[in-house]
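What the coordinates show
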Amino acid sequence: MASLKHLLVSILATTLGLTGGLAGFVPEAAHSADKFTFRVTGPLVFTLSVDSLETFAETGEATGNFKLLARFLNEQALAGLRPMLQRRFPLDVVTVSNLSYSPLGRDAITNVGKIVQSTPGENGFYAVRAAVINAAAKAGPEGWTLIDVMREFPADAIDISVSGLLALQRELAIYLDYNQAAVQAIRDQAAAEAAAQSNLNLALPDLSEPGPYAFEETTITVTNPALRQTDQGLTVNYDFDVDVYLPQGTEAPAPIVIVSHGFGAVKEDFVFLNQHLASHGYVVLAPDHVGSDLRYRQAFLGGRLHTLLSPIEFINRPQEISFLIDELERLVARSPDWAARLDLSQIAAIGDSLGSSTVMALAGARLSQARLSEVCNSDVFTLNFARYLECRARYLPPKTYDLSDPRIKAAIAAHNMGSALYGPEGIGQIDVPLLMVTGSADITSPVVTEQFAPFIWLNAEPRYLALLQKGTHFSSKPPGEGAGDVPSFLMGEHRDVGARYYRGMVTAFLGAHLRGQAQYLPYLTAAYAKAISEGQPMIVDMITDLTEAQVNAAYPGTTPVALVPPPATPVPPRDESVLAAIARTGELRIAMRRDAPPFGYVDDTAGWTGYCPSLAEALRGYLQDEIDRAVEVSVVALPSTLSDRYDLVRDGQVYLECGPNTVRTDVEGIEFSDLIFATGSHLLTTPDQVEAVNPALSLAGVNVGVLANSTNESFLQERYPAATITRFEGPTGRADAIAAVTSGQINAFLGDDILTLAEVAQEGLSTESLALVPELPLTCEYYSLVLPSDDPQWVATVNSFLKANAGSDTWQAWLGKFAADSLKTLNYCLNR
């Protein structure tokens, strides 16, 4: 019965903060529920009236059939139930609507529907969404409650699976009992470290007070040529503002601190910290992350955007900061004034919430699609809100992303989220000093799995974990900062105390590990944290070490989650690196397609031409400058096909294969480069066949051509098993398939858009005699170069080439004319 209570309260409470429906549309409930029959798979049936719950919420008295449930709950559980039932959610129907029809909202409701079902065995998505929308629509300006949602539930009963209850029990343990065990383990570790530091002189100046420097504030505008999502849609060459705080009267160029705000926040949320650090002699820069700031979130909530967080934001944010540092280097190079103010050898990054995942990436954590796939594609129920944001990254092309910047010398991550993004393998790559600041009552980003676990995964030394006892996701910011439209119950109390701790520990950490001044180290000890917590309404603990065994030892029984998941199997290194082989032989061995215009094809006049032959020559010149100049590098080009492209690289016959290679995770021994293009796939047919070739139907009796051994063939077999499939092979396969469409031998051909259209142009066919269906792509294809997985140095070299002028100029010459269509496809594919 306690589990039923947690279902009613915790699950719906979590859902209400995340979900809603289409603006202006309010689905009518089938009826207004006065009571619920809770049916657990098996013989258990329990009837609970909404009136009895409402009476308990208002008076604390257990009446009616709630008396039976109350007998199974202890006083602590009952005391926690009342305020949750009373709590009002100040979300209007428009906001709730837009959330529930967003990808993030659908994920959240689907997650809840795994347990809350109106029909046994069927996800309760539509019932939960209808109940929340109707509750919001009928609520007054003060908001709505869980009781309101229950009354709008469009069914007589809620069906609950045993597996769902067990999953819920595990999740609640992470938030409650296991959280308490972890906090106790940290307190014990802090006590042990403090006891070993008894000889420290703790009569230290208060670093939370302003420093001796006056400062000036200004704003610069930076133009970034990268691709990103903004409140105006997916775009390139966008501008973003950066607030700059410049200390006055410093004797030498000052260290630099870059502050990355969280999701739905603004750079102004950290004025309190930025001004404080400037007064202590740091140049502080606060960029506006335009794809995840407050304006972007408000545009979404107002119905002007269809995605709450674009997956590309996880790439853009760290790249934005790296680009900002590039801009600082240009300013210093051309301006004596900037050169006198900025010390480019001392740069630190501070991130809050989603900003902390940005900082983690810059510090060395590698985003791993393998880990994301394992965590996010699971059918297991979760209460972790941060996980919903992180799992948006699973729609990125499936590869490992290295977004580190060696110019970052120290990092601070406050109220971290990102465990699913990086996993222990990625976090373990961080190689700079790191301070993590956490709150024991953080339910926005669950402190055990999102913050304590990553701290355990760290290999970097030194590392620090500061824990604000009873602190929330917002406790390091003073009242009035960073609140926005966040409900007050999530903000927590004593934020002035938490912000004071935060100012002091940040100043100490930067002094010790950015400036390298040992006099700041005593501030970063458990003993000092204990001393400054005396008599305060909020306690702070500081530790430098923690293990999974310590946490588990503090928890009675079987732990609900493994803090350290099993490690991935490492790839053994190759005997000789590719770069060493090129330097020894002078041969750059590359395989390229000859049947895939504009990537590689044979022209009657130019011979073997296209993007790939040009890339091979540009890469040869790039490598000539990178290795021993006494070795003349020459290109050895081999033809490749759909059938042998991976084998050529895996067997070492070539070092790189260039062509329209869709990024995949299931090709053993292969690593894919950074993206070189994105396209969709459509069915090519003739105008008279459009009605028959309807991909919204089964395509039964429709003869569809496809290239053998392609990802499109796999998609066609899985999605349209009733279709008649005709396979085309060899260098002329695509041309033969298109000819079969135009002659009526087959009804349609499924292929990648850029390749299909380029072949149509190559054959001199009129586009008016052909049609692409449907309007939106059937699949999204991300292209990369094929590389060996056992040579990370070679992968990094090729990726550096693609970013360099030689690589980008080659791309522009051959693929630039398709950029507009590619951008349109990306906008759909990333936010579908």
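Note that the structure is predicted; figures quoted are calculated from it, not measured.

This part takes up the state of the cysteines. Inspection of the entire model under this criterion finds three disulfides. Disulfide pairing is shown between Cys376 and Cys391; the S-S distance is 2.0 Å. Taking the torsion about the S-S bond as the criterion, the Cys376 to Cys391 disulfide, at about -85°, is left-handed. Placement of Cys376 in helix H16 (residues 369-376) and of Cys391 in the loop between helix H17 (385-390) and strand E9 (410-414) is noted, with a sequence separation of 15 residues between them. Assigned by exposure class, Cys376 and Cys391 land together as buried. Residue Cys780 pairs covalently with Cys829 via a disulfide, S to S 2.0 Å. Its S-S torsion of about -90° marks the bond between Cys780 and Cys829 as left-handed, since a negative value means left-handed. Within this pair, whereas Cys780 is found in strand E24 (residues 779-788), its partner Cys829 is found in helix H32 (residues 819-831), the two being separated by 49 residues in sequence. When sorted by exposure, Cys780 lands in the same class as Cys829, which is buried. Sequential numbering of the bridged cysteines in the protein gives the disulfide pattern 1-2, 3-4, 5-6.

This paragraph deals with the environment of Ser634. One can find Ser634 in strand E17 (residues 634-640). Residues in contact with Ser634, not counting those within four places in the same chain, are Gly586, Glu587, Leu588 and Arg620.

Along the chain, Glu461 connects to Pro462 via a cis peptide bond; the corresponding omega equals 0°. Mapped onto the fold, Pro462 is located in the loop between helix H19 (447-457) and strand E11 (463-468). Residue His494 is not a glycine yet carries a positive backbone phi of 60°. If you trace the backbone, His494 turns up in the loop between helix H20 (488-491) and helix H21 (495-513). The backbone of Leu699 sits at a positive phi, close to 65°, despite the residue not being glycine. Relative to the elements of secondary structure, Leu699 occurs in the loop between strand E19 (670-685) and strand E20 (703-707).

The pairing of E20 with strand E21 (residues 724-728) spans five bridges and is parallel. For Leu707, the partnering residue across the bridge sits in E21 and is Phe728. Traced from E20 through helix H27 (residues 711-719) to E21, the parallel crossover comes out right-handed.

So, about the nonpolar core. With 103 residues, the main nonpolar core has Leu285, Met360, Ile430 and Phe452 as its most contacted residues. Top contributing element to this core by residue count: helix H13 (residues 313-334), with nine residues. Once you skip the residues sitting within four places of it in the chain, Phe452 turns out to touch Ala182, Val183, Ile186, Thr438, Val447, Leu465 and Leu467. Counting residues in each nonpolar core, the second largest holds 40 residues, with Leu207, Tyr501, Val506 and Leu514 among its members.

What counts, and where the lines are drawn
Residues numbered from 1 in each chain as written. Predicted model: local features only at pLDDT ≥ 70, side-chain atom pairs only at ≥ 80, totals over all residues. Heavy atoms only, no water. Disulfide = S-S within 2.5 Å. Helix = DSSP H or I, 4+ residues; strand = E, 2+ residues; numbered from the N terminus. Buried < 20%, exposed > 50% of the residue type's maximum accessible area, 1.4 Å probe, protein only. Contact = heavy atoms within 4.5 Å. Pairing = 2+ DSSP bridges. Right-handed = clockwise from strand over helix to strand, strands pointing away. Core = buried A, V, L, I, M, F, W, Y, C linked by side-chain atoms within 4.5 Å.

In short, shape yes, function no, at least from these values alone.
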